[in-house]
Amino acid sequence: MPTPVSERPHPPIRRKPAAIRSERRAGVAMAAPALLLLALFLAVPVILGFVLAFTNARLISPNPPRFVGLDNFIRAFVDDPTFLHSVVNTFVFALFVVPIQAGLGLLLAILVNQRLRGVTLFRIIFFIPVVTSIVVVSILWKFMYQQDGLINSFLDTVTAGAWNGVAWLNDPDVALGAIIVLSIWQAVGFHMVIWLSGLQTIPEELYEAAEMDGASPWRKFADVTWPGLRPTMVFVLITITIAALGLFVQIDVMTQGGPVDSTTTLVYHAVRKGFKEQEMGYGAAISLIFFIAVLLIALVQQRLTREKD
Amino acid sequence: MTTDLALTTTAWQRSGSGASRDGEAPRKGSTMKHRSLAAMVAATAAGALVLTGCGQAGQGSVNADGKTELTMWTHSAGNPGEIAVYDQIISDYNASQDDYVVVREDFPQESYNDSVVAAAASGDLPCLIDMDGPIMPNWAWSGYLQELKLPEKLTDSLLPTAVGTYQDKIYSAGYWDAALSIFARKSVLDANRIRIPSIEEPWTREEFDAALETLKAAGYDTPIDIGAEDQGEWWSYAYSPILQSFGGDQIDRDSYLTAEGALNGPEAVEAFTWFQELFTQGYAGNAGTIGNQEFVDDQVALSYTGVWNAQAALEEVGDDLLILPPPDFGHGPKIGGGSWQWGITADCVDAEGARDYLEFSFNDDYIAAFSDSQIVIPATAGAEGLSEHFGEGDDLHAFVELSQQFALARPATPAYPVISSTFEKAAKDIMNGADVQSTLDNAVKDIDQNIESNDGYGF
């Protein structure tokens, strides 16, 4: 998000040039360490990644890399069915996760935003998965999704034995769905907290005024809460989208892209090609495609959600 | 290494004590502060310098006693049994001569390869490194390793699969090898009237299929545990021998330039169709726990697993345990060969010393000690006799014969990491119901593409 104009530091207008220069020097000196680190660990790797994408660089090789033009990109779209599956899976995942996780987070936020006894307990319960390592969560859910795991035995019990268990992660038809459910469960608490902070910025008076006007709860939500949550909504939407498109850990721990490519994602595929199979150039090309896709989506989202004034 | 580390500590201690002295005299004000800052910067820089030196300690630095240090890296952190044997070898070696001091550093296995690759990229490899057999050609090709050049008499005395050869040169040698077999209970096979196979007369494919069917009918939900719940190198190690027994392979071993025909020919399709049917028929599952527990608990009748699980099985099952050769699918039974081995890095200044140490370490007593602590097959005939389990007539001697008769090393090509990863993915997809021919065709395409983009890996 761009910094609002009012927050940008403005140099004072009337000052002697020498003082300004000295201040500027001090500013540069103070910013330099951070800028240097940013350049070293952010800018340089990104630029290197872009360059590598057009070479056949290998992780380990006695031969120097050479430029291969667009070969890597052609290979991705023409010769690599797993890459195409990765694209589809990544977008399907985002398509489900973004609205459901945002909606569920809002619902939970409204529920825990009431003045009730023990509401803090619920906030904690919903937030616990967020502070649990995603690797741990993935391993636990992997057990729960087994043929004789918790989920199947639960379904078996509630349906009185009518449910015929599936090994969730071993079935190409349901594996991605299983990962979507787990991912939403894991991260929804985080967005609940963000929504909650948004809810608490809405002045109480607005609700009181609406009450006096005899507004129904739905009208209160639609005309007071929702407009008040607009900046939060933009933030939540963009962070969930980017996080969802970057799906990796769950796949790496639970399915390694299988069964039959049904859960492979762009980031997972880039890591598999770039590190496991040592083709840095090709991995970088996949990352570059991923970068451009995320950038485009973020720009479109920002355009769609911008304030119309 | 030890001395360098000690130096580092002193440098830090000095800077620490300097700071505290300054702290006692705050009235001296800003000059003192400046000086203390300068001292700290200097100390940090000195520390960094010492650390850099430390990183390259393996490259032939001379310590205070005038001995040359040889650093070695192992993948054995967290494996006290193995480390104890190394400790013994190293202290014996250091005491036996006056020229070299061997210093050991241990890494956890999961991150070992990454550590070596990273150290190689920054030129910080120690003189001696151990490595998993199949990765050796990749590292040799990348210029990490130099020819081993141990006396021929020594390398000839080792199990063939304990010697790492790439393009007719020996780059690595190991103290042991592992082997796969099929574990079974004699009582179960007898009760189901299944012939007990031998090395001379292993099960044929028909016999094996019939045995699985019989055992399934006898009430075993999945009659055999082949370890399909595992992941990583296990897939290539355990299942490529099945492919080879059918007559296929992971790559064309004549040219090493293509997998075409080897991995997607009719034999390979037949092998993977059989593999797929193991799961569709319910003969094997992919849900259980990694390891051999299902067999120990008698939930499965047969277990396709390695020598490392043999002792536990023996303790639980006792005399009833059978260690059987894998079935012959047409081209003889096959098992994977090649375990962890030692090599000398290309930039090692004191390769002579490293060689001297390795020669010293390939002693039957040490090899037997490794075998006893890790339950692995000793690499020399002499050590077999000394070992607890693998001598003639000992309880695990069967593994020695399996290894000698059937072991086939994984393809000795720098492309192996890609082959292994692609093989695993293809086999898993097939296990999960993917079309066999097209999956294998895609795998071949992936492998060939990689070989091509590496200009044939020098073949």
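Bear in mind that the values here come from a model prediction, so they are computed numbers and not experimental data.

1. Points about the overall build of chain B
In terms of regular secondary structure, chain B is built from 18 helices and 15 strands. By residue count, 47% of the 459 residues in chain B fall in the buried class. Expressed as a percentage of contacts within chain B between residues at least 6 apart in sequence, the contacts between residues at least 24 apart total 74%.

2. Points about the overall build of chain A
If you tally the helices and strands in chain A, you get 13 helices and 0 strands. Ordered by position from the N terminus, the helices and strands of chain A form the series α-α-α-α-α-α-α-α-α-α-α-α-α. Taking 309 residues into account, the globule formula puts the C-alpha radius of gyration at 19 Å, and chain A, at 25 Å, lies well above it. Each principal axis of the C-alpha atoms in chain A carries an extent, and together these give about 85 × 75 × 30 Å. Of the contacts formed within chain A by residues at least 6 apart in sequence, a portion of 68% connects residues at least 24 apart.

3. Side note on the packing of helix α7 (residues 175-200) of chain A against helix α10 (residues 230-245) of chain A
Residue and element names in this part refer to chain A. Where α7 contacts α10, the two axes come as close as 10 Å, and the packing angle between them is 165°. By the angle between their directions, the pair α7 and α10 is classed as roughly antiparallel. Of the two possible hands of crossing, α7 and α10 adopt the one that is right-handed. Counting all contacts with α7, which are made through Ala187, His191, Ile194, Trp195 and Gly198, the residues of α10 involved are Thr232, Phe235, Val236, Ile240 and Ala243. Residues belonging to the contact of α7 with α10 are distributed by class as follows: 7 nonpolar, 3 polar and no charged.

4. Brief notes about the domain arrangement of chain A
The accessible area lost on association of the parts is a frequent measure of interface size. Split into domains, chain A comes out as domain 1 (5-45) and domain 2 (71-305). For domain 1 of chain A versus domain 2 of chain A, the separation of C-alpha centres amounts to 38 Å.

5. Observations regarding the environment of Phe459 of chain B
Within the fold, Phe459 of chain B resides in the segment after α18 (436-453). Ignoring anything within four residues of it in the chain, the contact list for Phe459 of chain B reads Ser255, Tyr256 and Leu257 of chain B.

6. Structural notes on the domain arrangement of chain B
Residues and elements named next belong to chain B. When cut into domains, chain B gives domain 1 (68-178 + 338-393) and domain 2 (180-336 + 415-458). Across the contact, 10 residues belong to domain 1 and 11 residues belong to domain 2. Sorting elements by how many residues they give to the side of domain 1 that touches domain 2 places helix α5 (residues 136-141) first, with 3 residues. For the side of domain 1 that touches domain 2, a count of residues per class yields 8 nonpolar, 2 polar and no charged.

7. Focus: the sheet that holds strand β10 (residues 302-306) of chain B
Residues and elements named next belong to chain B. Taken in spatial order, the 4 strands make up an open sheet running β9-β10-β8-β11, and their pairing is mixed. Of all strands in the sheet, those with a lone pairing partner are β9 (224-225) and β11 (321-324), marking the two edges. Note: strand β8 (residues 180-185) against β11, 4 bridges, orientation antiparallel. Residue pairing in the sheet places Arg185 in a bridge with Leu321 of β11.

8. Structural notes on the packing of helix α9 (residues 233-246) of chain B against helix α10 (residues 266-280) of chain B
All names here are of chain B. Two numbers describe how α9 lies on α10: the axes approach to 8 Å, and their chain directions differ by 130°. Considering the angle they form, α9 stands oblique to α10. Of the two possible hands of crossing, α9 and α10 adopt the one that is right-handed. Side by side, α9 and α10 meet where Tyr239, Ile242, Leu243 and Phe246 of the first sit next to Glu267, Ala268, Glu270, Ala271 and Phe275 of the second. Across the contact of α9 with α10, the residue classes break down as 7 nonpolar, no polar and 2 charged.

9. A short note on the environment of Ile419 of chain B
All names here are of chain B. Along the chain, Ile419 turns up in helix α17 (residues 416-431). Residue classification places Ile419 among the buried residues on the basis of 25 C-beta atoms within 10 Å. Taking the C-alpha atoms as reference points, Ile419 and Ala443, 24 residues apart in sequence, are found 8.6 Å from one another. Here Ile419 is in contact with Gln250, Ile251, Pro411 and Ile447, once residues within four sequence places are set aside.

10. Section: the interface of chain A and chain B
In this assembly, 21 residues from chain A lie in contact with 23 residues from chain B. Of the residues in the side of chain A that touches chain B, the class split is 7 nonpolar, 9 polar and 5 charged.

11. Structural notes on helix α4 (residues 109-121) of chain B
Residues and elements named next belong to chain B. With 13 residues, α4 should reach 18 Å at 1.5 Å per residue; the first-to-last C-alpha distance of 19 Å fits that figure. Tyr112, Val116 and Ala120 are the residues of α4 that are buried. Each buried residue of α4 sits inside an arc of 50° when the element is viewed along its axis, so together they form one side. With respect to the buried face of α4, the exposed residues turned more than 90 degrees away are Glu110, Ser111, Asp114, Ala118 and Ala121. Note on α4: the residue one or two positions beyond its end, Gly123, has a positive phi of about 70°.

12. Some words on the pairing of strand β2 (residues 100-106) of chain B
All names here are of chain B. Where strand β1 (residues 68-74) lies against β2, 7 bridges are found, and the strand directions are parallel. Paired with Thr71 across the bridge in β2 is Val103. In this fold, the crossover linking β1 to β2 by way of helix α3 (residues 80-96) has right-handed handedness.

13. Comments concerning α7 of chain A
The end-to-end C-alpha separation of α7 of chain A is 38 Å, in line with the 38 Å expected for 26 residues at 1.5 Å each. The largest bend in α7 of chain A is about 40°, located at Val188 of chain A.

14. Looking at unusual backbone geometry
All names here are of chain B. Not every positive phi belongs to a glycine, and Lys149 is a case in point at roughly 55°. Relative to the assigned elements, Lys149 resides in the loop between β4 (145-146) and α6 (152-157). Since 15 C-beta atoms lie within 10 Å of it, Lys149 is described here as partly exposed. Residues other than glycine seldom take positive phi values, yet Gln167 does so here, at roughly 50°. Locating Gln167 in the fold gives a position in the loop between β5 (163-166) and β6 (169-173).

15. What to know about the confidence of the model for chain B
Residues and elements named next belong to chain B. Residue-level pLDDT values for chain B average 85, and 87% of them are 70 or greater. Every residue in residues 47-58 scores below 50 in pLDDT, and together they form 24 contacts with partners more than four places removed in sequence or on other chains. Across the assembled chains, the prediction reports ipTM 0.71 with pTM 0.78.

16. Some words on the environment of Ala57 of chain A
Residues and elements named next belong to chain A. Mapped onto the fold, Ala57 is located in the loop between α1 (17-52) and α2 (71-79). Since 26 C-beta atoms lie within 10 Å of it, Ala57 is described here as buried. It is 31 Å that separates the C-alpha atoms of Ala57 and Phe93, two residues lying 36 residues apart in sequence.

17. A short note on the pairing of β5 of chain B
Residues and elements named next belong to chain B. One ladder, built from 4 bridges, connects β5 with β6; its direction is antiparallel. The residue bridging Gly164 from the neighbouring strand is Ser172, located in β6. The turn linking β5 back onto β6 is made up of 2 residues, and Gln167 within it adopts a positive phi angle of 50°.

Conventions and cut-offs
- Residues numbered from 1 in each chain as written.
- Chains lettered and ligands numbered in written order.
- Predicted model: local features only at pLDDT ≥ 70, side-chain atom pairs only at ≥ 80, totals over all residues.
- Helix = DSSP H or I, 4+ residues; strand = E, 2+ residues; numbered from the N terminus.
- Buried ≥ 20, exposed ≤ 12 C-beta atoms within 10 Å, placed from the backbone.
- Contact = placed C-beta atoms within 7 Å.
- Rg over C-alpha atoms; globule rule 2.2 N^0.38 Å.
- Axes fitted to C-alpha atoms, helices over the stretch in contact; angles between N-to-C directions.
- Parallel < 35°, antiparallel > 145°, perpendicular 65-115°, else oblique.
- Left-handed = near helix turned anticlockwise from the far one by under 90°.
- Nonpolar A, V, L, I, M, F, W, Y, C, P; charged D, E, K, R; others polar.
- Domains from an automatic or database assignment.
- Pairing = 2+ DSSP bridges.
- Expected span 1.5 Å × (residues − 1).
- Arc of directions from axis to C-beta.
- Right-handed = clockwise from strand over helix to strand, strands pointing away.
- Bend = angle between axes of the 7 residues up to and from the residue.
- pLDDT = per-residue confidence, 0-100.

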